[in-house]
Amino acid sequence: MLRSKLFVVFSNKLIGKTFAALTHAVHAAHGLSPARATIGVYYHPTCPPKTKKVRWPNSPHLETADPVAAERMRTLETIEQRLLWLSTLIIHHANSVRSNPAKAKIGGHQASCASVVSIMTALYFHFLQAGDRVAIKPHASPVYHAVQYLLGRLPQEYLTQLRSYGGLQAYPSRTKDPDRVDFSTGSVGLGAVAPAFAALAHTYADRHFDGVAPHRFIALVGDAELDEGNVWEAILDTNIAAAQPPLDRRP
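Residues numbered from 1 in each chain as written. Predicted model: local features only at pLDDT ≥ 70, side-chain atom pairs only at ≥ 80, totals over all residues. Heavy atoms only, no water.

Bringing the overall build of the protein chain into the picture now. Within the protein chain, the secondary structure is distributed over 8 helices and 4 strands. When the elements of the protein chain are put in sequence order from the N terminus, they spell out β-α-β-α-α-α-β-α-α-β-α-α. Here the protein chain, with 251 residues, has 45% of them falling under the buried criterion. Sequence separation of at least 24 residues holds for 70% of the intrachain contacts in the protein chain that already meet a minimum separation of 6. Total accessible area on the protein chain stands at roughly 13100 Å², and carbon and sulfur atoms take up 56% of it. (Helix = DSSP H or I, 4+ residues; strand = E, 2+ residues; numbered from the N terminus. Buried < 20%, exposed > 50% of the residue type's maximum accessible area, 1.4 Å probe, protein only. Contact = heavy atoms within 4.5 Å. Areas by Shrake-Rupley, 256 points an atom, 1.4 Å probe, with all protein chains shown as cover.)

Okay, structure coming up:
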């Protein structure tokens, strides 16, 4: 029984459906069975149960009949808004508040950050377990650091140091960021592929050695990753294509 699992979470439903369709097309064109794809594709962080619906204020897209679940969702939505505010503030401070005598462009991908706050909230405050490893899409770096700050893993002074010397990196980095990063995801495309091969290596170790703990590997992917050739090369890799159960395209 396999004890490693790879999830790919997309920040946009259209991107997720496009990726799933292209994966099947690439497999078919190269004689690989689409039913043996390696990845579970998810478009939205939550799927509320189909039961008697109860709505609450400010949550038109989520419904549940369970009061405990409703309170949990309200808490997650509060965290979600806090992450959106923090990530926006991180980018704003880097571009408009911090001294910049050279007038160099700072940036920070504010729209890309806003597109994943719901997913990041669901991942880090509900879904993840001990041993899980996550590759954050590079353009969501400020949201990731906001998450680490709320979890008490990043000192507050770093929130004003995005893309500064010794501060928060433009893309998540295992060697340069002050908080822990599971996968370095710059250049763009690395984060979409590294968890797949990490899951493959973990599966091999689990089959051949004792004492290997179960792990899950998550890749958070945006449209920029799908422009990179290494993503499609990984999909064509026969070891990756045959390593896991069928592709899951449920919303």
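A word on the side chain of E80. Within the fold, E80 resides in helix α2 (residues 67–97). At 13 Å, R74 is the nearest oppositely charged side chain to E80, a buried residue that forms no salt bridge. Once residues within four sequence positions are removed from consideration, E80 is found in contact with V117, S118 and T121. (Lys, Arg positive; Asp, Glu negative; His and termini not counted. Salt bridge = Lys/Arg side-chain N within 4 Å of Asp/Glu carboxyl O.)

Below, the discussion takes up the packing of aromatic side chains. With the rule as written, the count across this model stands at 1 aromatic pair. Residues Y124 and Y144 carry aromatic rings whose centres are separated by 6.1 Å and whose planes lie at 65° to one another, so their mutual orientation is edge-to-face. With Y124 in helix α4 (residues 117–127) and Y144 in helix α5 (residues 141–150), this residue pair connects regions lying 20 residues apart in the sequence. Both residues of the pair, Y124 and Y144, belong to the buried class. The ring of F127 is capped by R216, whose NZ or CZ atom sits 4.2 Å from the centre of that ring. (Phe/Tyr/Trp six-rings, centres within 6.5 Å; stacked < 30°, edge-to-face > 60°. Lys NZ or Arg CZ within 6 Å of the ring centre and 35° of its normal.)

On to the confidence of the model for the protein chain, then. Caution is warranted with low-pLDDT regions, since their predicted coordinates should not be read in detail. Scored by pLDDT, the protein chain has a mean of 79; 69% of the residues are at 70 or more. Per-element confidence in the protein chain ranges from a low mean pLDDT of 46 for strand β2 (residues 40–42) to a high of 96 for α5. The low-confidence segment residues 34–61, where pLDDT is below 50, has 76 contacts with residues more than four positions distant or belonging to other chains. Ignoring residues within four places in sequence, the model shows residues 247–251, a span with pLDDT below 50, making 18 contacts including any to other chains. (pLDDT = per-residue confidence, 0-100.)

Attention shifts here to the pattern of salt bridges. Enumeration over the complete set of coordinates arrives at 3 salt bridges. A salt bridge links R74 to E71, with the shortest nitrogen-to-oxygen separation between them at 3.0 Å. Of this pair, R74 and E71 both sit in helix α2, separated by 3 residues, roughly a single helical turn. Among the residues examined, R74 registers a relative accessible area of 34% and is labelled partly exposed. Its salt-bridge partner being R180, residue D182 comes within 2.8 Å of it at the nearest N-O pair. We classify D182 as buried; its relative accessible area is 14%.

Here we come to the environment of H145. Among the secondary structure elements, H145 is positioned in helix α5. For H145, a relative accessible area of 0% corresponds to the buried category. Setting aside chain neighbours within four positions, we find H145 in contact with L154, L168, Q169, D177 and D179.

Burial runs high along strand β4 (residues 215–221): 6 of the 7 residues are buried. In the sheet, strand β3 (residues 133–135) pairs with β4 via 3 bridges, with the strands oriented parallel. Along β4, the bridge assignment pairs R133 with F217. (Pairing = 2+ DSSP bridges.)

Attention shifts here to the nonpolar core. Burial of nonpolar side chains together is a common tendency in soluble globular proteins. If you look at the biggest cluster of nonpolar residues, it comprises 28 residues, and the most contacted ones within it are M120, Y124 and I136. Contributing elements (two or more residues each) for this core: α2, α4, α5 and β4. Considering each element in turn, this core owes the most residues, 6 residues, to α2. If near-sequence neighbours (up to four positions away) are discounted, M120 is found in contact with F125, I136, V143, Y144, V147 and L220. The next biggest cluster of nonpolar side chains, apart from the first, holds 9 residues, and it includes L226, V231, A234 and I235. (Core = buried A, V, L, I, M, F, W, Y, C linked by side-chain atoms within 4.5 Å.)

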